[in-house]
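Secondary and tertiary structure notes
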Amino acid sequence: MSGGLSSAAYFARRAAQKERVRILYRRALKDTLNWAVHRHIFYRDASDLREKFNANQDVEDVDRIDKLIAHGESEYDKWRHPDPYIVPWAPGGSKFCRNPTPPAGIEIVYNYGQEDNP
C-alpha cells in the first residue's frame with residue numbers, strides 16, 4: 001500500500017481503478033470488432049488486446065496504475081473507429097424510429113369505410 005493512504009482509501013481507490021480498467025477493456029474490445037472485417041482477424045486482434053492488458057496486471061503501485069489507465073484511455077481515444085457499427089434497430093441505427101408515431105392532431109381511422117355499417 002502507499003504510505004499516505006489508509007487501508008479503506010487504498011481499497012476504494014483500487015476498486016475504482018479496477019472498474020476503469022474493466023470499462024476500458026470492454027470498450028476497446030467492442031471497438032476492435034469495428035475494425036475487423038472477418039472474425040479470424042477479430043480473434044487475433046482481441047488476443048493481442050488481452051495480452052496488452054495482462055502485461056500490467058501485476059502492477060501494485062496505485063499511482064503507476066493511474067498513469068497506465070490514463071495512457072490506455074488516451075490510446076483508445078486515438079485509435080477509436082470513426083464510423084462504428086451500430087445495430088440497425090438500436091438508437092442511432094438506420095432502422096431506429098423509422099416509422100415514428102404520427103404528430104398530435106392527426107386521426108387515423110382503422111375501420112375506414114365501415115363506420116356506419118353495423
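Read on for an overview of the structure. (Residues numbered from 1 in each chain as written. Predicted model: local features only at pLDDT ≥ 70, side-chain atom pairs only at ≥ 80, totals over all residues. Heavy atoms only, no water.)

Grouped together as the largest cluster of nonpolar side chains are 5 residues: L24, Y25, A28, L49 and Y76. It is helix α1 (residues 7-35) that contributes the most residues to this core, 3 residues altogether. Once residues lying within four places of it in the same chain are set aside, the contact partners of Y25 are L49, R50 and F53. (Core = buried A, V, L, I, M, F, W, Y, C linked by side-chain atoms within 4.5 Å. Buried < 20%, exposed > 50% of the residue type's maximum accessible area, 1.4 Å probe, protein only. Helix = DSSP H or I, 4+ residues; strand = E, 2+ residues; numbered from the N terminus. Contact = heavy atoms within 4.5 Å.)

Here we take up the layout of surface pockets. Considering only enclosed or pocket space, the largest pocket measures out at about 1,100 Å³ in volume. Elements that contribute at least two residues to the lining of the largest pocket include exactly α1, α2 (39-54) and α3 (62-78). For the lining of the largest pocket, the element with the most residues is α1, which contributes 11 residues. A breakdown of the residues in the lining of the largest pocket according to their chemical character gives 13 nonpolar, 7 polar and 12 charged. When its volume is computed, the second largest pocket comes out at roughly 320 Å³. Taken together, R27, K30, D31, L33, N34, A36, R39, Y76, R80, H81, P84 and Y85 form the lining of the second largest pocket. Ranked by the residues each element gives to the lining of the second largest pocket, the list is headed by α1, at 5 residues. (1 Å grid on protein atoms, 1.4 Å probe; cavity = no way out; pocket = protein on both sides within 12 Å on 5 of 7 lines; lining within 4 Å. Points joined across faces, edges and corners; volume = space filled by probe spheres on them. Nonpolar A, V, L, I, M, F, W, Y, C, P; charged D, E, K, R; others polar.)

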